[in-house]
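Descriptive structure summary
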Amino acid sequence: MRPNDEQPAVQPLLGRRRFLFGAAGLAAVSTGGYLWWRRQAPDHDHPRLGVAEAFAKAQAGEIYLIDIRTPREWRASGVPVGSHQIDMRRDDFLTALNEVTGGSQTAAIALICARGVRSARVTLALAEAGYTNVIDVPEGMLGSAAGPGWLRSNLPVARWEEQA
């Protein structure tokens, strides 16, 4: 090749604009994937109950039905009749749970949340803390892949009374 011959311009594989849009898209997909993952209930091999069965067992005194949602959620939709409300974010969650169950780590405790994600996570956490009879209610109040949920099943709800 002679020195005066023009060399063809090298085209970058990705232009700057295309690279930036691609990186932004990747970040959005990554964030979306993370949010999707957070909304998926972890798998576990603990017992599960449908909402109708959870209601019947709570009414019969066979289980402690614990609604682990937040006060804001309790106000918005009401609470399952026969349930005990203990916000899972409380620092003293285990203390409050022990007050309900009389301190028994073998008592049948069924956990319900909105859509079964938090109840599955808390089921695993309680089992790790030594509770031996923890039951997940994966339909939740609003329904999930496990079923229509407490509200759509027309099970009774009560207005939440805030404790002083």
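Just above, that's the structure.
Think of each chain on its own: its residues are numbered from 1, step by step along the sequence as written. Where local features are concerned, this predicted model is filtered to residues with pLDDT of at least 70; where side-chain atom pairs are given and counted, the filter is 80 or more; whole-chain, interface and lining totals use all residues. To get the side-chain values, take all heavy atoms of the structure and skip hydrogens and water.

A word on helix α5 (residues 117-128)
Helix and strand assignments come from DSSP, with helices taken as H or I runs of at least 4 residues and strands as E runs of at least 2, each series counted from the N terminus. A helix is expected to span 1.5 Å for every residue after the first. With twelve residues, α5 ought to run about 16 Å at 1.5 Å a step, and its terminal C-alpha atoms sit 17 Å apart, in line with that. Residues Val-117, Ser-119, Ala-120, Val-122, Thr-123 and Leu-126 constitute the buried set of α5. Among the residues trailing α5, Gly-130 stands out with phi positive, at a value near 105°. The cut-offs for exposure are 20% and 50% of the maximum accessible area for each residue type, with area from a 1.4 Å probe on protein chains only; residues under the lower value are buried, those over the upper are exposed, and the others partly exposed.

Considering the pattern of salt bridges
Any Lys or Arg side-chain nitrogen found within 4 Å of a carboxyl oxygen on Asp or Glu counts as a salt bridge. Applying the stated criterion across every chain yields a total of six salt bridges. As a salt-bridge pair, Asp-67 and Arg-69 come within 2.9 Å of each other at their nearest N and O atoms. Of the residues examined, Asp-67 reaches a relative accessible area of 0% and is grouped as buried. Of the residues examined, Arg-69 reaches a relative accessible area of 2% and is grouped as buried. Across the pair Arg-118 and Glu-73 runs a salt bridge, and its minimum N-O distance is 2.7 Å. Separated by 45 residues along the polypeptide, Arg-118 in helix α5 and Glu-73 in helix α3 (residues 71-77) bring together distant segments of the chain.

Here we look at the environment of Arg-121
In this fold, Arg-121 is placed in helix α5. Placed 78 residues apart in sequence, Arg-121 and Asp-43 show a C-alpha to C-alpha distance of 8.9 Å.

Some words on the sheet that holds strand β3 (residues 83-85)
Spatial ordering of the open sheet is given by β3-β1-β4-β5, a layout of four strands whose pairing is parallel. Each having just a single partner strand, β3 and β5 (134-136) make up the two edges of the open sheet. Geometrically, the sheet is characterised by an average inter-axis angle of 30° between neighbouring strands, direction not taken into account. In what follows, a contact means two residues having at least one pair of non-hydrogen atoms within 4.5 Å. Inter-axis angles, ranging from 0 to 180 degrees, are taken between N-to-C directions of lines fitted to C-alpha atoms, where helices are fitted over the stretch in contact. Along the sheet, helix α4 (residues 93-101) contacts β1 (64-67), β3 and β4 (109-112); its crossing angle with β1, the most-contacted strand, is approximately 150°. α5 rests against β4 and β5 of the sheet, and its axis sits at about 165° to β5. A pair of strands counts as paired when DSSP detects no fewer than two bridges linking them.

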